Amino acid sequence: MPATDAATARRVSPPDPWGAAAARYRWQEPLERRSLRAMLAVLAPRSSETVLDLGSGVGHVPRLLARDAAAPTLVVERSHRMLAAGDFAGAVPLRADVTRLPLDDGSVDVVTAAWVLHVLPPADREQAVAEVARVLRPGGRLGAVVPAVPRTGAQVLARRLARAGARAGGLAAFAVPHDLPALLTDHGLQVRHHRRTGRGYLADVVVCTRAASAPGRPG
Ligand SMILES: C[S@@+](CC[C@H](N)C(=O)[O-])C[C@H]1O[C@@H](n2cnc3c(N)ncnc32)[C@H](O)[C@@H]1O
């Protein structure tokens with residue numbers, strides 16, 4: 001492909017590193033289920049609330065939400081192949097980047113970010129958290145699930161296998177985002193709940209509330 005055509009293709013089709021995993025991603029669901037349910041149990045969205053699911057993959061969170069809460073849900077996902085392979089249980093899919101959410105300030109009641117913040121480079125993670133604080137209404141809630149630090153030998157081995165699998169699939173190796181509670185607090189998101197779940201992927205489940213007045217804008 002000539003250089004100019006390649007440049008045009010890059011602009012029209014941004015890189016889709018997760019696309020290759022899309023067809024088989026539903027196999028992850030049993031490994032994630034415990035952590036997703038723990039997050040949703042604390043968030044407890046009501047049917048009158050609008051929920052935004054970030055980096056939705058093939059829709060594990062929207063499907064659980066539709067079963068348990070029936071709240072109107074928006075999905076933001078960058079990978080067109082994840083969107084094409086997904087089942088979002090009636091949620092509205094938006095192809096967009098979590099660092100630039102196509103939503104108005106204060107327009108969302110609940111945000112879920114399950115197994116996504118840790119795959120972002122640190123600068124993008126910070127920008128994504130800033131965007132969450134912007135789109136959440138005062139008093140709105142964020143639920144995040146990220147990998148927890150492994151403690152036992154078996155957990156260390158399981159984590160090594162998961163990282164090797166990610167690398168073999170062409171994905172950047174992920175890291176536990178140790179700075180997450182501080183990052184959330186810096187953006188006016190007060191941590192209300194922080195617990196570890198085992199069984200399946202070892203996870204930290206963090207739930208926060210957006211302060212009445214988030215840094216950088218009136219509440
Ligand atoms: C590990 S998967 C998790 C999927 C889903 N949340 C789940 O729990 O099954 C991460 C997802 O985030 C998406 N993603 C990664 N970076 C993104 C970005 N900057 N904006 C939007 N989506 C992104 C990927 O395409 C992928 O579908």
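The structure displayed is predicted, hence computed values, not measured ones.

**Student:** Describe the site of the ligand, and please don't skip the residues or the numbers.
**Tutor:** The ligand sits among 22 residues. The nearest are Trp18, Gly55, Gly57, Arg78 and Ser79. Secondary-structure elements contributing two or more residues to the shell around the ligand are helix H3 (60-68) and strand E2 (73-77). In the shell around the ligand, the residues fall into 10 nonpolar, seven polar and five charged.

**Student:** Provide a residue-level description of the pairing of strand E4 (residues 108-114), including the pertinent values.
**Tutor:** Each regular strand displays side chains that alternate between the two surfaces of the sheet. Among the seven residues in E4, seven count as buried, and that is most of the element. As paired strands, strand E1 (residues 51-54) and E4 are joined by three bridges and run parallel to one another. Bridge assignment links Val51 to a residue of E4, and that residue is Val110. Where E4 meets strand E5 (residues 136-147), six bridges bridge the pair, whose relative direction is parallel. Paired with Thr112 across the two strands is Gly143, which belongs to E5. Each parallel crossover has a hand, and the one from E4 via helix H5 (residues 122-135) to E5 is right-handed.

**Student:** Which residues make up the sheet that holds E1, and what values do they have?
**Tutor:** Reading across from one edge, E3-E2-E1-E4-E5-E7-E6 is the order of the seven strands in this open sheet, with mixed pairing throughout. Strands with a single pairing partner mark the edges of an open sheet, and in this sheet they are strand E3 (92-95) and strand E6 (189-197). Across this sheet, the average inter-strand angle for adjacent strands is 15°, counted without regard to direction. Direction of pairing for E2 relative to E3: parallel, over a ladder of four bridges. Bridge assignment links Val75 to a residue of E3, and that residue is Pro93.

**Student:** Tell me about unusual backbone geometry, and please be specific about residues and values.
**Tutor:** One non-glycine residue, Ala44, lies in the positive phi region at around 40°. Positionally, Ala44 belongs in the loop between helix H2 (29-43) and E1. The exposure class assigned to Ala44 is partly exposed, which follows from the 14 C-beta atoms found within 10 Å. At Ala89, a position not held by glycine, the phi torsion is positive, near 50°. Take Ala89: it is sitting in the loop between helix H4 (80-85) and E3.

**Student:** Residues and numbers for the environment of Ser56, please.
**Tutor:** Residue placement: Ser56 occurs in the loop between E1 and H3. For Ser56, a count of 29 C-beta atoms within 10 Å translates into the label buried. Between the C-alpha atoms of Ser56 and Val76, which are 20 residues apart in sequence, the distance is 6.4 Å. For Ser56, the residues in contact, after removing those within four places along its chain, are Val61, Pro62, Val75, Val76, Glu77, Gly86 and Phe88.

What counts and how
- Residues numbered from 1 in each chain as written.
- Predicted model: local features only at pLDDT ≥ 70, side-chain atom pairs only at ≥ 80, totals over all residues.
- Near = placed C-beta within 6 Å.
- Helix = DSSP H or I, 4+ residues; strand = E, 2+ residues; numbered from the N terminus.
- Nonpolar A, V, L, I, M, F, W, Y, C, P; charged D, E, K, R; others polar.
- Buried ≥ 20, exposed ≤ 12 C-beta atoms within 10 Å, placed from the backbone.
- Pairing = 2+ DSSP bridges.
- Right-handed = clockwise from strand over helix to strand, strands pointing away.
- Axes fitted to C-alpha atoms, helices over the stretch in contact; angles between N-to-C directions.
- Contact = placed C-beta atoms within 7 Å.

Read these as layout, nothing more, since geometry by itself doesn't imply function.
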